Structures are given as structure tokens and as C-alpha cells.
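# Examination of the molecular architecture
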Amino acid sequence: MSGWLVPLGIVVATVAVMELTAYSVHRWIMHGPLGWGWHKSHHDHTDEDHSGFEKNDLYGIVFAVIAAALFAFSDGWLWWVAVGMTCYGIIYLFLHDCLVHQRWPFRRIPRKGYLRRVYQAHRLHHAVEGRDGCVSFGFIYAPRPDKLKQQLREAGTLKREAASDDRAADRT
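Treat the numbers as computed from the prediction; the structure is a model and nothing was measured.

### Quick notes on helix α2 (residues 36–43)
Taken residue by residue, α2 has W36, H39, H42 and H43 as its buried positions. Viewed end-on, α2 has its buried residues packed into an arc of 105°, placing them on one side of the element. Packed against the buried residues of α2 are α1 (5–30), α3 (57–73), α4 (77–100) and α5 (113–125).

### Points about a nonpolar patch on the surface
Taken together, the side chains of W4, L5, L8 and V12 make up a nonpolar region of the molecular surface, amounting to roughly 390 Å² of accessible area. Residue placement: V12 occurs in helix α1.

### Considering the nonpolar core
Counting residues in each nonpolar core, the largest one holds 16 residues, and the members touching the most others are V118, L124, V135, L148, L152 and L158. Element by element, the count of residues in this core is highest for α5, at four residues. With residues up to four places along the chain from it excluded, the contact list for V135 reads L124, H125, L148, Q151 and L152. If you look at the next biggest cluster of nonpolar residues, it comprises eleven residues, including V15, M18, L70 and A82.

### Structural notes on the environment of I29
Relative to the helices and strands, I29 is located in helix α1. Residue class for I29 comes out partly exposed when judged on its relative accessible area of 32%. Linking I29 and H39, residues ten residues apart in sequence, is a C-alpha distance of 9.2 Å. If we ignore the near neighbours within four places in the chain, the residues touching I29 are S24, L34, G35, W36 and Y59.

### Quick look at the packing of aromatic side chains
For the coordinates displayed, the defined rule picks out six aromatic pairs. Here W38 and Y59 contribute two aromatic rings whose centre-to-centre distance is 5.1 Å and whose plane-to-plane angle is 70°, an arrangement assigned as edge-to-face. Taken together, the positions of W38 in helix α2 and Y59 in helix α3 put the pair 21 residues apart, joining distant regions of the chain. For W38, a relative accessible area of 33% puts it in the partly exposed group. Connected via pairs of aromatic rings, a cluster forms that spans Y23, W28 and F137.

Rules of the game
- Position numbers for residues count from 1 along each chain, tracking the sequence in the order it is written.
- In keeping with the predicted nature of the model, local features appear solely for residues at pLDDT of at least 70, side-chain atom pairs appear and are counted solely at 80 or more, and the whole-chain, interface and lining totals rest on all residues.
- Note that water and hydrogens are dropped before the side-chain values are worked out from all heavy atoms of the structure.
- Burial here depends on accessible area, computed with a 1.4 Å probe over protein chains only, as a share of the maximum for the residue type. Under 20% is buried, over 50% is exposed, and the range in between is partly exposed.
- Runs of H or I in DSSP of at least four residues are treated as helices and runs of E of at least two as strands, each being numbered from the N terminus.
- The arc in question is the one traced by the directions running from the helix axis out to the C-beta atoms.
- Contact between two residues is taken to exist if any of their heavy atoms lie within 4.5 Å; hydrogens are not considered.
- Here the term patch refers to residues with relative accessible area over 30% and no salt bridge, with like charges joined within 9 Å and nonpolar side chains (Val, Leu, Ile, Met, Phe, Trp, Tyr) within 5 Å.
- Areas reported as accessible are Shrake-Rupley estimates using a 1.4 Å probe. Residue values count occlusion only from the protein chains shown.
- By definition, a salt bridge exists where a carboxyl oxygen of Asp or Glu is found within 4 Å of a side-chain nitrogen of Lys or Arg.
- Residues belong to one nonpolar core when they are buried, are Ala, Val, Leu, Ile, Met, Phe, Trp, Tyr or Cys, and are joined through side-chain atoms within 4.5 Å.
- In this scheme Phe, Tyr and Trp rings, the latter by its six-membered ring, pair at centre separations within 6.5 Å, and the angle between planes marks the pair as stacked below 30 degrees, edge-to-face above 60, and tilted otherwise.

So this is what it looks like as C-alpha cells:
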């Protein structure tokens with residue numbers, strides 16, 4: 001029975017490390033001078049325009065190639081790391097692409113709970129024009145929206161229309 005605990009532990013630990021990695025890559029590479037060239041495509045259009053391939057999707061391909069290489073060229077614990085990376089990729093796909101940006105045929109905005117918090121946190125991430133002054137760079141962990149709004153207000157980067165949209169969403 002304990003034969004599955006180590007692989008499960010590796011997978012769960014990898015998902016946690018991937019969240020920290022994604023936060024770091026998103027904050028300091030994607031929103032930095034090195035990676036903004038790809039990520040800019042994700043911030044430069046309206047939500048109605050989030051249906052097709054964007055240059056930003058190349059980041060997902062990079063991580064998928066790393067996971068595929070680990071599957072192909074390793075065994076033992078590194079193989080389980082690849083499973084954890086793949087699980088994180090699936091979670092990211094669901095939360096970011098499907099839920100928040102609605103890049104699938106279903107259009108449903110969560111009204112309560114964890115999914116609502118993820119949705120609001122990432123919407124506030126997009127409430128800033130350009131790459132500087134953004135908040136909420138993770139994908140699984142979502143800070144409280146009121147704290148994010150306060151950070152945006154203090155930085156002076158909250159777009160007026162985003163602030164009013166969020167107040168309207170909070171009332172629903």
C-alpha cells in the first residue's frame with residue numbers, strides 16, 4: 001500500500017513547485033523585458049478575442065516539451081515529476097484558459113467559492129495596461145480580491161473601467 005505514497009508525494013510536490021515556478025516565470029520573465037514579447041499578445045486584446053492561438057501559448061508549449069522530455073528520457077522519480085508537471089498543465093488549462101479567459105465553448109462565470117476567487121484575481125491581473133504594476137501572478141493560489149484591489153489603488157495602476165466592472169461583479 002505504501003508503494004504509491006512516494007510517487008503521489010512527488011506529483012503533489014511537483015504541482016506545488018510548478019505553481020511557484022509559474023508565479024516566478026510569470027512575474028519576472030513574462031512581465032519582464034525578456035519575455036514580454038510573447039506574453040504581450042495575452043494582454044493586448046479584449047476577452048472576446050481570446051479564442052485562437054496567441055504568441056503567449058508558446059510558454060505552455062515550452063513546459064510541455066520539458067515534461068515530454070522527462071517522460072521520454074527518464075524513469076524513477078523524474079518520470080513522476082513529469083506526471084506532476086502534466087497535472088499542473090491540466091490545472092492551468094482549466095483555470096486560466098477555460099475558466100478565466102473562456103477559451104472553450106462554455107461561457108460560465110463562477111459566482112462563489114474558490115473558482116470565483118481565481119477568476120477575480122486573474123481579472124484584476126488584467127486590470128492594468130501594459131506589463132508593469134500588475135498583481136496576482138500565480139494560477140492555483142489566488143489572493144483575496146480586496147487585497148489585490150488595494151495594491152492596484154496604492155500603485156495607481158487600476159484602470160477606471162476595470163474597477164467599476166469589478167464593483168459590478170461583486171454585487172452579483
